[in-house]
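Coordinate analysis (summary)
These are the residues of each chain, in order.
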Amino acid sequence: MDELKSPEKPFEISKWEVWEAWDKVRANKGAPGVDGCSIEDFEKDLQGNLYKVWNRMSSGSYFPPPVRAVEIPKAHGGGIRILGVPTVADRIAQTVVAARLEKRVEPKFHPDSYGYRPGRSALDAVARCRERCWKQDWVVDLDIQKFFDSVPWDLVVKAVEANTDAVWVKLYVTRWLKAPLQLPDGTLQQRDRGTPQGSAVSPVLANLFLHYACTSRSPGIVPA
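The model shown is predicted, which means the values in this text are computed figures rather than measured ones. (Residues numbered from 1 in each chain as written. Predicted model: local features only at pLDDT ≥ 70, side-chain atom pairs only at ≥ 80, totals over all residues. Heavy atoms only, no water.)

Re the sheet that holds strand 4 (residues 188–189)
- Reading across from one edge, 2-1-3-4 is the order of the 4 strands in this open sheet, with mixed pairing throughout. Since the sheet does not close on itself, it has two edges, and those belong to strand 2 (80–85) and strand 4, each with one partner.
- Bridge analysis of strand 1 (residues 67–73) against strand 2 gives 6 bridges, and the strand direction is antiparallel. Across the sheet, the residue bridging to Glu 71 is Ile 82, located in strand 2. (Pairing = 2+ DSSP bridges. Helix = DSSP H or I, 4+ residues; strand = E, 2+ residues; numbered from the N terminus.)

See below:
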């Protein structure tokens, strides 16, 4: 895999990592971002487009475009949820960073944590809850209001710093956090907190933040 790295670039990111990220993005499908480029459009010049992502990331010159905001009605008439849709290229770049972070942080996460984690699902959490129901006669049900909209950037970045020695991971996480939202009417909304729900890197950032925020958990609670 060494031949896929470039000694002339300041950041050590292999082309193979970008290719693996593309495979994940293609499998997840998804809508176009602000540039209107679909998965099929991106694939028309796949080699050239992937090279651009790798070249800019490994040189430190990658800057994310705005995230397209899509309004999704909440279940049971509870208002709307803003889903952030990055461009296809940006989803690939985010997936590269997410994969690097996951290798470092997944072993540290609580065994009863299931949300947004590879190889785990809500059904796994339900199964564990059924086991616990035979041992506990109480349940705690809670939700963090607007978590993805309000998580503080400084604490997210500190959590990232504590779990990687790759300067470029922190660099791009910071840039993604600050990327504006493009609202349905085309206007740009600057943000000072939160991480867009729907972006490829947000799940691991959320779990990393909660790992430090929830320092003590009752043995009867199964985080979804």
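So that's the structure; there's more coming.
Some details on the packing of helix 4 (residues 88–105) against helix 9 (residues 202–213)
- It is the contact of helix 4 with helix 9, at a shortest axis distance of 9 Å, that shows an interaxial angle of 30 degrees. Our classification of the angle between helix 4 and helix 9 gives roughly parallel. In this structure, helix 4 meets helix 9 at a crossing whose hand is left-handed. Mapping the contact onto sequence places Ala 98, Leu 101, Glu 102 and Val 105 in helix 4 and Val 204, Leu 205 and Leu 208 in helix 9.
- When the residues that make up the contact of helix 4 with helix 9 are grouped by side-chain class, the tally is 6 nonpolar, no polar and 1 charged. (Axes fitted to C-alpha atoms, helices over the stretch in contact; angles between N-to-C directions. Parallel < 35°, antiparallel > 145°, perpendicular 65-115°, else oblique. Left-handed = near helix turned anticlockwise from the far one by under 90°. Contact = heavy atoms within 4.5 Å. Nonpolar A, V, L, I, M, F, W, Y, C, P; charged D, E, K, R; others polar.)

Brief notes about the environment of Ala 166
- With respect to the helices and strands, the residue Ala 166 is situated in the loop between helix 7 (153–161) and helix 8 (167–178).
- With 154 residues separating them in the primary sequence, Ala 166 and Glu 12 have C-alpha atoms 8.7 Å apart.

Brief notes about empty space enclosed by the protein
- One pass over the structure, following the stated rule, counts 1 cavity of 30 Å³ or more.
- Estimates place the volume of the largest cavity at around 60 Å³.
- Lining the largest cavity are Val 67, Gln 94, Val 173, Trp 176, Leu 177, Ala 179, Thr 195, Pro 196, Ser 199, Val 201, Ser 202 and Leu 205.
- Only helix 8 and helix 9 provide two or more residues apiece to the lining of the largest cavity. (1 Å grid on protein atoms, 1.4 Å probe; cavity = no way out; pocket = protein on both sides within 12 Å on 5 of 7 lines; lining within 4 Å. Points joined across faces, edges and corners; volume = space filled by probe spheres on them.)

Function-wise, these values are silent; they only describe arrangement.
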